Amino acid sequence: MRSYEAVSVKTEGDLLELLKNNKKLTYIAGGTDFIIKLREGKVSPELLVDISCLEDFRGISVQDGFIKIGAVTTFSEIQNSSIIKKYARCLAQAAAKIGSVQIRNRATIGGNIVNASPAADSLPALGALSAVVEVFGVEGLRKVNIEDFIIDMRKTCLRENEIVKNIYIPCSPDSFSSFSKVGARKSVTISKLNLAVNLKYHKDVCLEINAAVGTLGKNFVLLKDCDGLINRKMDEDFAKVLGEKLSRLVQYTIPNRASMPYKSVAIRGLAEDVMEDIINELSGRGINL
Amino acid sequence: MEIVLYVNGKKYKLDVGSEERLLDVLRDKIGIKSVREGCSEGECGACTVLMDKKPVTSCLVLAFQAEGKEILTVEGLIENGELDQLQKSFIEKGAIQCGYCTPGMILSIKGLLYQNPNPTEEEIREAIAGNLCRCTGYKKIVDAVIDAVQKGEERCVRTRQ
């Protein structure tokens, strides 16, 4: 391994000073993916900047109808946040399924987004929730929709020295969401397939639905064909119709992949799990369908 | 680069390389061999330590990132030469066979008990999902935790400086 300089930044001001130096910066937050790549020689930093203690980029709050999540917020913090559990339930569920307690105590949401793994668990949840990524750079802030953030296999739209600062999620009191995944085992497992669904309902009818499937390619895939789901009663058939649509989406997205026959069936099971969970959650809040 | 670590209540000033992991520093610079390198990628949990009371895999923390943090290893659980209740319960309930996973296992459970002094079996299993054991089948480990909690959870969750 080539030696490199390293520094920890504690404030946004420290970071801005570094950015002015015109050096190429490589950022490390929780390090749970990065340190493995570093030791494999897949990354060779010139100046490694630790942002894991950058408090200006941490925390969960509600502002002007949006949930704001700082990029270095850990998955343990997300999993246990009452705000996330209330308004972005699928993200809390996805966070709880990432790695182990030890990993979740270090791994950050910003890191998971930037690592841009096709099997990332936070990404479909953020996709279903229509999240927006706020990017910080020497020229200021810019916002990018989560589905546009990943531009190719393990590649993001971040330019040199740019960094994710916050993630914004619109919070709506009549939206309900859920996440489910299949992996080789129950815990500490990489997703073979994952699904997040976020829907808006009124009375017992679905008004809007966003479904995002992970592990099908460079980025999660959003379900666009929602005919037959909108203004439909959320009964048992609802999950079946959703499963059918998602199954076709899988077949269409990865027609030639060896895993297609498996994934196109498994996705129906995930659709059933997710809808059962949403309906349970609704009835837990006194809304019977 | 120079960092300060508080390991088992003792302050250490250390010169570390930017590529050195917390695991390397604990083992090679401080000499704590209970922190073990298994998989080196955060899967096996043998290198688990508590950092500011939270379990982390020390193979996935660069030493300079731990600057100023409080680190606890199993050695820090011993008080006046006496093992703490969780350690005793591990021995009494046969939760140790080869012993390789034990320090990490105990620290993951400590992390749980700090937050939740009276966990359910499911919560115990979730807390140790990141610690692999090839001997016990986990059953005796869970039994040991339940035993320790029953015999005095307050000793398990006491705060150390």
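Residues numbered from 1 in each chain as written. Chains lettered and ligands numbered in written order. Predicted model: local features only at pLDDT ≥ 70, side-chain atom pairs only at ≥ 80, totals over all residues.

Considering the overall build of chain A
From N to C terminus, chain A includes 11 helices and 15 strands. Taking 289 residues into account, the globule formula puts the C-alpha radius of gyration at 19 Å, and chain A, at 19 Å, falls close to it. Seen through its principal axes, chain A has C-alpha atoms that stretch 60 × 45 × 30 Å. The buried share of chain A, taken over its 289 residues, is 46%. (Helix = DSSP H or I, 4+ residues; strand = E, 2+ residues; numbered from the N terminus. Rg over C-alpha atoms; globule rule 2.2 N^0.38 Å. Buried ≥ 20, exposed ≤ 12 C-beta atoms within 10 Å, placed from the backbone.)

Overview of the confidence of the model for chain B
Averaged over all residues, the pLDDT of chain B equals 94, while 94% of them reach at least 70. For this predicted complex, the interface score ipTM comes out at 0.95, alongside a pTM of 0.95. (pLDDT = per-residue confidence, 0-100.)

Some remarks on the interface of chain B and chain A
If you look at the interface, chain B gives 24 residues, while chain A gives 23 residues. Of all the secondary structure elements, the ones that give two or more residues to the side of chain B that touches chain A are strand 4 (54-57) and helix 3 (102-115) of chain B. Counting residues per element, the side of chain B that touches chain A draws most heavily on strand 4 of chain B, which supplies 4 residues. Grouping the constituent residues of the side of chain B that touches chain A by class yields 9 nonpolar, 9 polar and 6 charged. (Contact = placed C-beta atoms within 7 Å. Nonpolar A, V, L, I, M, F, W, Y, C, P; charged D, E, K, R; others polar.)

Digging into the pairing of strand 1 (residues 5-8) of chain A
All names here are of chain A. Taking every second residue as pointing to the same face, the buried face of strand 1 carries Ala6 and Ser8, while none of Glu5 and Val7 on the other face is buried. Judged from the 4 bridges that link them, strand 1 and strand 3 (residues 47-50) form a sheet pairing that is parallel. Each residue of the ladder has a partner; that of alanine 6, found in strand 3, is leucine 48. (Pairing = 2+ DSSP bridges.)

Here we look at the pairing of strand 1 (residues 2-7) of chain B
When a strand is regular, its side chains alternate between the sheet's two faces. Residues and elements named next belong to chain B. With 6 bridges connecting them, strand 1 and strand 2 (residues 10-15) associate as antiparallel partners. Counted as the bridge partner of valine 4 is lysine 13 from strand 2. In this structure, the hairpin formed by strand 1 and strand 2 is closed by a connection of 2 residues, where asparagine 8 is found at a positive phi of approximately 50°. Looking at chain direction, strand 1 and strand 5 (residues 70-72) are connected through 2 bridges and run parallel. Paired with tyrosine 6 across the strands is glutamate 70, a residue of strand 5.

Considering helix 11 (residues 260-284) of chain A
All names here are of chain A. For helix 11, with 25 residues, the first-to-last C-alpha span of 36 Å sits near the 36 Å given by 1.5 Å per residue. Looking only at helix 11, the buried set comprises Lys263, Ser264, Ile267, Leu270, Ala271, Val274, Met275, Ile278 and Ile279. Close packing links the buried residues of helix 11 with strand 11 (175-183), strand 12 (191-202), strand 13 (205-214) and helix 10 (236-253). Backbone geometry just after helix 11 places glycine 286 at a positive phi near 80°. (Expected span 1.5 Å × (residues − 1).)

Description of the sheet that holds strand 1 of chain A
Residues and elements named next belong to chain A. Across the sheet, 3 strands lie side by side as 1-3-2; this open sheet has parallel pairing. Looking at the sheet topology across the chains shown, the edges are occupied by strand 1 and strand 2 (25-28). The sheet shows a mean angle of 25° between the axes of neighbouring strands, direction not considered. Relative to strand 3, strand 2 is paired through 4 bridges, and the arrangement is parallel. When the bridges of strand 3 are listed, isoleucine 28 appears paired with aspartate 50. (Axes fitted to C-alpha atoms, helices over the stretch in contact; angles between N-to-C directions.)

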